[in-house]
Structure formats: C-alpha cells, structure tokens
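# Tertiary structure, described
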Amino acid sequence: MTDLASQPGVIPYVDNHDGPRRLLVVDIPPFSANTVRHYVPLASIDGRQYVVSWGSVTFEIPADRNVHVSVHLQTNYATGVTSTPFASIVLAPHPGPVRLATQFTTNAEGALLPVG
C-alpha cells in the first residue's frame, strides 16, 4: 500500500502498477431530488467498478500513464430497459492531484469536467 492509499477515505488503486501515483477526487452531486431515491452512483477506474456514495469520493490513481474514469448511475426503479446517465473521461499523465465534477441531465447525458 502506498502513502496515498493509507490516508483515511482514499480508495487504493488495486491493479498492477509500480509507478508514481496521485489522488483523484470525483464529485458526484445528485441532479434532482428523485435521483437519490432512484439511483445509486458507480465510479470506474480503468474498468474496475466501485459502488460509491453521493458527494465526493477519493481514489488513488497512476500518475505516469493514462487513466480511464467513468461514472454512471444505476437504477432498478422502472420496469424493462432503463437508460441510465453516464460520464467518461481519459486523464493524461500528470504528477499532481486532480478533481472532477460530474454533471448529469435528465435525458441520460453526462460529463466529467476538471475542477480548478
């Protein structure tokens, strides 16, 4: 475990990677009052999926290579096939921490945008 992953609240990077790492904070605010009741957020780092909570979630990620980050909302509320909102981005290598904000709309469109 690296020093970053030993910090309280940081989800460690669990895939094989021996290089430098950095922190990623993903902000996942609900976009409507019904969102919290009907959806659960899921974040993926390089294809590994995590059920997370609404709000800010911190991950440890590689700093020396591209990292794919995605967030989608899962629901079992409606019957049949339900389109759920999702957002995706590929982060370029960089030594410093990064913060992303999710933005979802009611028509299943989403974006992950750098903050700061």
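## Some remarks on the sheet that holds strand 3 (residues 40-45)
Strand pairing within a sheet occurs via backbone hydrogen bonds; the two strands may be parallel or antiparallel. In space, the four strands of this open sheet follow the order 4-3-6-7, with antiparallel pairing throughout. Each edge of the sheet is formed by a strand with only one pairing partner; in this case those strands are strand 4 (48-51) and strand 7 (86-91). Strand-to-strand twist of the sheet, defined as the mean angle between neighbouring strand axes without regard to direction, takes the value 20°. Pairing geometry for strand 3 and strand 6 (residues 67-74), over six bridges, is antiparallel. Bridge pairing links Ala43 to Val71 in strand 6.

## Notes on the pattern of salt bridges
This structure, assessed with the given rule, holds four salt bridges. Across the pair Arg99 and Asp27 runs a salt bridge whose closest N-O atoms are separated by 2.8 Å. Of this pair, Arg99 sits in strand 8 (residues 98-104) while Asp27 is found in strand 2 (residues 21-28), placing the two residues 72 residues apart along the sequence. By relative accessible area, Asp27 is classed as buried at 16%. For Arg65, the salt bridge goes to Asp46, with nearest N and O atoms at 3.0 Å. Within this pair, whereas Arg65 is found in the loop between strand 5 (55-62) and strand 6, its partner Asp46 is found in the loop between strand 3 and strand 4, the two being separated by 19 residues in sequence.

## Structural notes on the packing of aromatic side chains
The full count for this structure, using the stated rule, is one aromatic pair. When the centroid spacing of 5.5 Å and the interplanar angle of 55° are considered together, the rings of Tyr50 and Phe59 count as tilted. Like Tyr50, the residue Phe59 is buried in the burial classification.

## A short note on the side chain of Arg21
Structurally, Arg21 can be placed in strand 2. Taking the relative accessible area as the measure of exposure, Arg21 reaches 19% and is therefore buried. Engagement of the side chain of Arg21 in a polar contact is seen with the side chain of Glu60, the distance being 3.1 Å.

The rules behind the values
Residues numbered from 1 in each chain as written. Predicted model: local features only at pLDDT ≥ 70, side-chain atom pairs only at ≥ 80, totals over all residues. Heavy atoms only, no water. Pairing = 2+ DSSP bridges. Helix = DSSP H or I, 4+ residues; strand = E, 2+ residues; numbered from the N terminus. Axes fitted to C-alpha atoms, helices over the stretch in contact; angles between N-to-C directions. Salt bridge = Lys/Arg side-chain N within 4 Å of Asp/Glu carboxyl O. Buried < 20%, exposed > 50% of the residue type's maximum accessible area, 1.4 Å probe, protein only. Phe/Tyr/Trp six-rings, centres within 6.5 Å; stacked < 30°, edge-to-face > 60°. Polar contact = N/O pair within 3.5 Å; in protein donor to acceptor, adjacent residues only side chain to side chain.

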